Every structure is written in structure tokens, then in C-alpha cells.
Amino acid sequence: MQPSLILASASRRRQQFLRDLGLAFSIRLPDIDETPLPGEDPATMTVRLAEAKAQAVAQQLADPGEHVLIIASDTTVALDGEIYGKPEDAADAVRMLRALRNRTHEVISAVTVLQPATFHCATRVNRTAVTMRNYSDAEIAAYVASGDPMDKAGAYAIQSPDFAPVCALDGCFASVMGLPLVELCELLATFGVATPRTPLQVCGEINPFPCCAASSGRSVHIEFAS
């Protein structure tokens, strides 16, 4: 019997990724406190939040049954060990984008699959180095005014066609967008779920760059046109 999948996310990008993989799923929204714990490092927080989202949705299910799987994910932007979450307001978005400008930071994405009937929970993490271009203050102001940064970790979307903030990355393009597809598919396979389409097929449709799924090291170097 094919498991029933629940995505614990309001992210339209994550929802689209699952559709692109050919998966049928329902959506439930977790209600958790995403505040970092005192002294918590970015990777530890990212894993904790992905698992907390899955567990929060599991608690919403009166009788999940043995064939239910919950998928949850969290993405964190970190620069010099400092966590850059979703901006509190426009001024905070400007602050983040100025701090990230012309520097390399790390994007950490954790994906969790939880089987609530058995409490079996597994998580995998992708870490990608992202280098921002030397965009101007005027470009920052225009991008922040668009509203696009306000619901995104680090106050940016790598796929933004107008702002186009990134000049290079080493790792996984999809992970920076919010969901590490290779790690997700590997996790689902351990629970007996095969995706109808592969990460390589999906990535080939969303961007013209090499996909980490085709690399033995699960990492690619991408340089973006300036």
C-alpha cells in the first residue's frame, strides 16, 4: 500500500517540488516557535525545527494509521555563525542583505520524514555555500519594496529574476530554494516510497544549471551570469 504523504509546510515552493516529483500529498501547517535556543548553532537549529514541524503535525492527527508519512523541512541562512532567519520588517531585510552582500554564506536545509504510527523519524541535511554579488543599496531598496524577501530566510530568493542576488554556489541549487531533493528522495526510499520522477529530472526543469544529483559528491559549482 502506498503511504499517504502529508507536507508540513505552507511554502509554495516546497509544495511545487513535491508535485514536480510526481507525489500526491495533503498539507497541514505546523504551529511551532522558531526562535533559536540560546547558544544554538545554525545546523542544530535547522534539524531541530524540521523535526519539530513534523512532530507538531503528527500531534494534529487523531489516528494517523501505519501508512501515513509526514514530510517537513527547514532552511537556515548563516553567516559567520550568525543565523539569518526571516526578516522581522523591511529594515531587518535591508540589514541582512547588506551583511550578505559580496560575501559567501552557508545555506543549511534539513528535511525530515516521520512515520507517526511508529514514531520512526529520519532527517538529512544539505549544506551549500552561496556567494552573493555586489548589488547596490538601490537594488536592495527596490527588492525589499517588492515584498519578496519578507517570508524568506536571509531575506532573499535565489531564483528571483529581477534581483538575482547570487553570483556563485557550491552545493545544491534546490536546497537553497528550500528543499534538498536528493536527500528527500533518499529518505522516502528508506520508508518504501519511490518518487515517480527523479531530482535530476525536476532540477532540469527549474534551472539551466548542473544538478548535484548527477555528481558523485552530491555537490556542484555554479557561477551565475552577472
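Reading guide: rules and limits
Residues numbered from 1 in each chain as written. Predicted model: local features only at pLDDT ≥ 70, side-chain atom pairs only at ≥ 80, totals over all residues. Heavy atoms only, no water. Helix = DSSP H or I, 4+ residues; strand = E, 2+ residues; numbered from the N terminus. Rg over C-alpha atoms; globule rule 2.2 N^0.38 Å. Buried < 20%, exposed > 50% of the residue type's maximum accessible area, 1.4 Å probe, protein only. Areas by Shrake-Rupley, 256 points an atom, 1.4 Å probe, with all protein chains shown as cover. Lys, Arg positive; Asp, Glu negative; His and termini not counted. Charge placed at Lys NZ, Arg CZ, Asp CG, Glu CD. 1 Å grid on protein atoms, 1.4 Å probe; cavity = no way out; pocket = protein on both sides within 12 Å on 5 of 7 lines; lining within 4 Å. Points joined across faces, edges and corners; volume = space filled by probe spheres on them. Nonpolar A, V, L, I, M, F, W, Y, C, P; charged D, E, K, R; others polar. Core = buried A, V, L, I, M, F, W, Y, C linked by side-chain atoms within 4.5 Å. Contact = heavy atoms within 4.5 Å. Salt bridge = Lys/Arg side-chain N within 4 Å of Asp/Glu carboxyl O. Phe/Tyr/Trp six-rings, centres within 6.5 Å; stacked < 30°, edge-to-face > 60°.

Q: An account of the overall build of the protein chain is needed here, citing residue identities and associated values.
A: Each helix and strand counted, the protein chain has seven helices and eight strands in total. Relative to the 2.2 N^0.38 estimate, which gives 17 Å for 226 residues, the radius of gyration of the protein chain is 17 Å and therefore close to what a compact globule would have. Its C-alpha atoms give the protein chain principal-axis dimensions of about 55 × 40 × 30 Å. Across the 226 residues that make up the protein chain, the buried fraction comes to 48%. A total accessible area of about 10500 Å² is found for the protein chain, and carbon and sulfur atoms account for 50% of it. Separation between the mean location of the 18 positive side-chain charges and that of the 26 negative ones in the protein chain comes to 3 Å.

Q: How would you summarise the layout of surface pockets if you had to cite specific residues and measurements?
A: Considered as a void within the structure, the largest pocket measures approximately 1000 Å³ in volume. Forming the boundary of the largest pocket are 41 residues, of which R14, K86, D151, K152 and A153 lie nearest the centre. Contributions of two or more residues to the lining of the largest pocket are made by α1 (12-20), α2 (42-58), β3 (68-79), β4 (82-84), α3 (90-100) and α5 (173-177). For the lining of the largest pocket, a count of residues per class yields 19 nonpolar, eight polar and 14 charged. If you add up the space inside the second largest pocket, you get close to 190 Å³. As for the second largest pocket, its lining consists of 16 residues, of which I158, S160, A164, V166 and F224 are closest to the centre. Its residues assigned to classes, the lining of the second largest pocket shows eleven nonpolar, four polar and one charged.

Q: With reference to specific residues and values, describe the nonpolar core.
A: The biggest cluster of nonpolar side chains holds 55 residues, and the ones touching the most others in it are I71, L97, Y156, I158 and L184. Contact partners of L97, with chain neighbours within four places excluded, come to Y135, I140, Y143, V144, G154, A155, Y156 and F163. Formed by ten residues, the second largest nonpolar core is a distinct cluster that contains I6, V57, L61 and L114.

Q: Explain helix α6 (residues 181-190) to me, using residue names and the numbers behind them.
A: Burial of α6 is extensive: seven of the ten residues sit out of reach of the surface. Here α6 has its buried residues at L181, V182, E183, L184, C185, L187 and L188. Looking one or two residues beyond α6, the residue adopting positive phi is G192, at roughly 85°.

Q: Could you give me a rundown of the pattern of salt bridges, with the residues and numbers involved?
A: Summed over all chains, the structure comprises 14 salt bridges. The partner of D137 in a salt bridge is R98, with the nearest N and O atoms 3.5 Å apart. Highlighted residues: D137 in helix α4 (residues 137-146) and R98 in helix α3, separated in sequence by 39 residues. Taking the relative accessible area as the measure of exposure, D137 reaches 39% and is therefore partly exposed. One network of salt bridges, in which partners are shared, links E82, D92 and R95.

Q: Break down the packing of aromatic side chains for me, with residues and values.
A: We describe a pair of aromatic rings using the distance from one ring centre to the other and the angle between the two ring planes. The final tally for this structure, using the stated rule, is five aromatic pairs. Their ring planes at 15° and their centres at 4.3 Å tell us that Y143 and F163 sit as a pair that is stacked. In this pair, Y143 sits in helix α4 while F163 sits in the loop between α4 and β7 (166-171), placing the two residues 20 residues apart along the sequence. Judged by relative accessible area, which is 4%, F163 ranks as buried.

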